[in-house]
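# Notes for the structure review
What follows is the residue order along each chain.
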Number of protein chains: 2
Amino acid sequence: MVPMSQESRRRARPVARCARGGTGSHRTPLIAIAAGTAALAPLPAAPQSAPGGSGAGGAAEGITRVEGIRVGHFTYPNAATGCTVVIADGGAVGGVDVRGGAPGTVETDLLDPVNTVERVDAVFVSGGSAYGLGTRGGVMRHLEERGQGFPVGGTGVVPIVPGAIVFDLRVADVRPGPDCGYQAAAAAGAGPVAEGSVGAGAGATVGKMRGMAWAMKGGVGTSSATLESGLVVGALAVVNAVGDVVDPRTGETIAGARAEGGGFADARRILRGEPPPPREGENTTVVIVATNARLTKARAAKVARMAHDGLARAVVPSHTPSDGDTVFSLATGTLAEGFSVGQVGALAAEVVAEAIVRAVRSAHGLPSIPAVRDLPGDGR
Amino acid sequence: MVPMSQESRRRARPVARCARGGTGSHRTPLIAIAAGTAALAPLPAAPQSAPGGSGAGGAAEGITRVEGIRVGHFTYPNAATGCTVVIADGGAVGGVDVRGGAPGTVETDLLDPVNTVERVDAVFVSGGSAYGLGTRGGVMRHLEERGQGFPVGGTGVVPIVPGAIVFDLRVADVRPGPDCGYQAAAAAGAGPVAEGSVGAGAGATVGKMRGMAWAMKGGVGTSSATLESGLVVGALAVVNAVGDVVDPRTGETIAGARAEGGGFADARRILRGEPPPPREGENTTVVIVATNARLTKARAAKVARMAHDGLARAVVPSHTPSDGDTVFSLATGTLAEGFSVGQVGALAAEVVAEAIVRAVRSAHGLPSIPAVRDLPGDGR
């Protein structure tokens, strides 16, 4: 039950202004923010969807390089939140690995390889913390209308839609619900995926080891690897971590807790002081990995498990008690041979790290929450 | 049952020549090996224990910075294998997280926070693959003689000794057994810990993405962080991974699969080709984390879980189907406050990565298996 006083906060209605795969990019007006400013300012009135990406990673052929995978975002026009849906046309063998200490998930138990259902129809990620799990109903409705789901003789289909949420209630006073899920699913496309401050990443933040006042903007990123063998492994990451985002190729911090005088405070250094414990459960990185490899359900679970290594490499610290870090995997199975599960899992870790780096590089800031692109010499 | 033909291979008897905490260092004679040589040559006759470390990380005050934690190695004089024991004097709250696809472990189920026993007396790591689990009996015997263990009224104590093995059967034709565990436990000291090609790391190798012919020497490493608050977090790692060892501070490969013309083949590049699947179950990194923080059993398990992030950062790829990657945690509990479990877990990940880097930097080569120190311009 949601108390009325909170229910009444759900005032913004979703409208069909979607940042969608192929063309969309959610663009928050650029705001000049000096590194080191503190208090959270009110949200800007209405971040607008606008065609075309800008800067690095406005849109990328990441996870949609896997045939049969489509991605849709819905971003609320009047609040920095939304949801993102990854649809596997015809279903895909699914796996999950939940390693954060504060997860918010749904339909993850059925993904245990011991359990019956093998194929997943879609996976969603939503803002809104635990309230955002309601997003799932809209994804279900869209898939049911298309007739996609687990067939139950005579009574139609039951779409299998696991998902997870991120906490963005400190920047968004709207909680995504079924309408968000429906719009995002309806908008899903197979082309380049809009990245940055869009969908479930619209209100995402990173670098919260010193609290929200020193945070930076997180977002959505995607990346993929395509091999000569025909193997494709892609990832989509919604990055809302307490930790800093680090480029594992160089060890350098890209986005993270800011220092008073500019630059980064460095989570690794903060850890060695006496950091205030981060607020519990107010963070999370959620990742969806997809591959065209034919995998058993147990092997799909192993890929999800290995993919967490990409999260560990690109987010420092990760898997904390304050993060609900979760990885889902989808194996469409059109490629029957020429790979090993270890290769798929290791590549998944690689593209997950890349997707996380892209997420913060693509993001646009909010008032008092600068993005990488707002920093002087942002290193892109 | 071990077939006689295999049983008869257990010909080397352990002797009391121990590389032990504080003074010991296992030194394999330096052998000039050109990067790129291939076939596995026979083992050298008898790697000798010798006093004093040499080069970087011959011995370090790593995990023994945690009061009450002692470490002992036993290295076989006639074969590149052995075992390593970490003793928690008076016991410590224990946790474990097994994330590799090919683990070899014992007494890990009791570490499930749901189960009864909270305190662990020692953790061992042994060479010898699954055969090496027998090492545990000797550790038990040593602890029983000291009267340390879970008290069972009237009949003495039952020492609680979880452990894990690494696969080194391709470089060692001896399998560590109870005598190894007894000797290592008896040798355990609270001073600096010998690192490199010693104990369970004597036969350890890394960089096997192209097979053993292009591998490098792994080993044992240790590291710790001591904070002004009094919090101490240490790690000991036995590094025997299929993957390359990477310094997460720079992204550079330190030890890994070698290329024909010298230098590294780079596991991240190999992954994008069509690598032969690594041989299953012939690798593994085993880590023991210790802290003086007072943790519940569930929180000790969370620390073990977070510590895997250090493994992910320093070993690429890690947690593969060919690795039995396992992290144990020990919380001695002398520090009651001034920390959070997230801080302990995140620091654990940091010192685990450092310990892994130290392991390969401290190692000495075997014929056809060069160590970092054998490479031209080894980057130390």
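Remember, predicted model here, so these are calculated numbers, not experimental data. (Residues numbered from 1 in each chain as written. Chains lettered and ligands numbered in written order. Predicted model: local features only at pLDDT ≥ 70, side-chain atom pairs only at ≥ 80, totals over all residues. Heavy atoms only, no water.)

Structurally, Glu 274 of chain B can be placed in the loop between helix H4 (267-270) and strand E18 (284-293). Those residues in contact with Glu 274 of chain B, other than ones at most four positions away along the chain, are Ser 229 and Gln 343 of chain A. (Helix = DSSP H or I, 4+ residues; strand = E, 2+ residues; numbered from the N terminus. Contact = heavy atoms within 4.5 Å.)

The next thing to look at is the side chain of His 319 of chain B. The residue His 319 of chain B is located in the loop between strand E19 (315-316) and strand E20 (326-335) in this model. The buried category is assigned to His 319 of chain B, whose relative accessible area is 0%. Once residues lying within four places of it in the same chain are set aside, the contact partners of His 319 of chain B are Lys 302, Met 306 and Asp 309 of chain A together with Arg 99, Gly 100, His 308, Leu 311, Ala 312 and Asp 325 of chain B. (Buried < 20%, exposed > 50% of the residue type's maximum accessible area, 1.4 Å probe, protein only.)

Before going further, it helps to spend a moment on the sheet that holds strand E19 (residues 315-316) of chain A. Residues and elements named next belong to chain A. If you trace the three strands from one edge of the open sheet to the other, you get E17-E16-E19, paired in antiparallel fashion. Sheet topology places strand E17 (252-255) and E19 at the edges, where each strand pairs with a single neighbour. In the sheet, strand E16 (residues 244-247) pairs with E19 via two bridges, with the strands oriented antiparallel. Looking at E19, one finds that Asp 244 is bridged to Val 316. (Pairing = 2+ DSSP bridges.)

With that out of the way, let us pick up the interface of chain A and chain B. Taken together, the contacts link 41 residues of chain A with 41 residues of chain B. Contact between chain A and chain B buries roughly 3200 Å² in total, counting both sides, with carbon and sulfur atoms accounting for 50%. It is Arg 99, Arg 272 and Arg 313 of chain A that lose the most area in chain A upon contact with chain B, and together they represent 21% of the buried surface on that side. Here chain A is connected to chain B by four salt bridges. A salt bridge links Glu 354 of chain B to Arg 272 of chain A; its shortest N-O distance comes to 3.2 Å. Remark: the boundary between chain A and chain B carries 22 residue pairs in polar contact (both at pLDDT 80 or more). The class makeup of the residues in the side of chain A that touches chain B is 16 nonpolar, 13 polar and 12 charged. (Buried area = accessible area lost by both parts, 1.4 Å probe. Salt bridge = Lys/Arg side-chain N within 4 Å of Asp/Glu carboxyl O. Polar contact = N/O pair within 3.5 Å; in protein donor to acceptor, adjacent residues only side chain to side chain. Nonpolar A, V, L, I, M, F, W, Y, C, P; charged D, E, K, R; others polar.)

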